[in-house]
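Examination of the molecular architecture
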Amino acid sequence: MKSWFRRTLVRSLIGGPIAYFIVSILMLFAYVWFFGNAFNASTGGSKIYKNYVEKVFIDEIVPDERFVYKKVAENVLLASEIKEGTFVVIPISGPILSDNSHRILDQLYIAARITPNLKAIIFYVDSPGGGVTESDYLYEEIRKIKSRGVKVVSFVNSMSASGAYYMTAQSDKIIASPTAIVGSIGVIVESVNVEELGRKIGVSVDTIKSSEMKDIGSLFKKMSDNERAVLQRIVDHSYKRFKTIVKDGRGLSASQVDLIATGEVWNAADAGMLGLIDETGYVNRAVDVAMELTGVNTPVVLTYEEELTFWDVFGARSPVVSLIRGLDNTVNNLNTPAPKLFYMWIP
């Protein structure tokens, strides 16, 4: 190829398609940077920790006239002795597993390590429970925060079952809405068996193992009596710990706990009679109880919400990218799931 032709070709590419491509890429980056910043700015509030921003928690829209005058009178009497403090509302919503347990942990960290003048944490509970390990780890973090003198109040909005109750049984007070469901004290582990299905479609799995129990809980064989006994022993261990947590947290006797630790769930009225909750009411009552426990009469009630950023919607953390990664892991890592222990209400 002639040198003049090569120079002409290079110049035409640089001045044409390549230049257009480079300019397009630069414009794309500028577009992402501009709208990413605009998106983040539109959410309002400065980041406290990671993507969390501080919001004022509204516990009621219209004050209840039955109590508003009482509060006014109390404030007048205590006007000469103003006691300030911060209450942080932390939601426990959905299954307490993986990412969700990390969100709760993040908010506990913000409350305990960043929030100024923290006096109380109010849990807003809507959860069927979750993993045994996740629930126990969060229980321990709450216990350590309590040991620093922070009061804990739990408000059950619709459900506090199994692991959610496990976490919050140590609360100084538990308030439940009149329509709440409480309980499901127990442990569950489930294992799927596809041996018969595999036989029907002509699929079998050959396993070479070092000992009888190495593939305990395998999808591809019926569980033996010995395997069932091993898993039952593990379930019983976690169940015993659950009952101890409830006994100590609620101040109940062993016989009282045995009566309620059947996996059964109760409405708020029955839960109150059984000692699982202290009273029925709404979230504003939980705030009042926190004031009574702490002596704070002018609280600042905050909550920390995780704001979506541009990158959460369109970037590496977007649901689409997460789905693609999940499918990729499923295809490339064809490992059968091991049985998992749950403190969860699983109908």
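Parameters at a glance
Residues numbered from 1 in each chain as written. Predicted model: local features only at pLDDT ≥ 70, side-chain atom pairs only at ≥ 80, totals over all residues. Heavy atoms only, no water. Helix = DSSP H or I, 4+ residues; strand = E, 2+ residues; numbered from the N terminus. Buried < 20%, exposed > 50% of the residue type's maximum accessible area, 1.4 Å probe, protein only. Contact = heavy atoms within 4.5 Å. Areas by Shrake-Rupley, 256 points an atom, 1.4 Å probe, with all protein chains shown as cover. Polar contact = N/O pair within 3.5 Å; in protein donor to acceptor, adjacent residues only side chain to side chain. Salt bridge = Lys/Arg side-chain N within 4 Å of Asp/Glu carboxyl O.

1. Some words on the overall build of the chain
Counting secondary structure elements, the chain contains 13 helices and 13 strands. Within the chain, the fraction of its 347 residues that count as buried is 34%. The contacts of the chain with a sequence gap of at least 6 include a subset with a gap of at least 24, amounting to 77%. Only carbon and sulfur atoms are counted for the fraction: they give 60% of the accessible area of the chain, which is about 20,800 Å².

2. Some words on the side chain of serine 171
Among the secondary structure elements, serine 171 is positioned in the loop between helix H6 (163-168) and strand S7 (173-176). Residue classification places serine 171 among the buried residues on the basis of a relative accessible area of 4%. Within the structure, the side chain of serine 171 is placed 2.6 Å from the backbone oxygen of threonine 168, a separation counted as a polar contact.

3. Looking at the pattern of salt bridges
On inspection of all chains with the given rule, the structure shows 17 salt bridges. Of the charged contacts in the structure, one is a salt bridge between arginine 241 and aspartate 136, with a shortest N-O distance of 2.8 Å. Of this pair, arginine 241 sits in helix H8 (residues 225-250) while aspartate 136 sits in helix H5 (residues 132-146), placing them 105 residues apart in sequence. Judged by relative accessible area, which is 23%, aspartate 136 ranks as partly exposed. Among the ionic pairs, aspartate 172 bridges to lysine 146, the shortest N-O distance being 3.7 Å. Remark: lysine 146 occurs in helix H5 and aspartate 172 occurs in the loop between H6 and S7; sequence separation between them is 26 residues.

Spatial relationships are all this shows, so hold off on functional conclusions.
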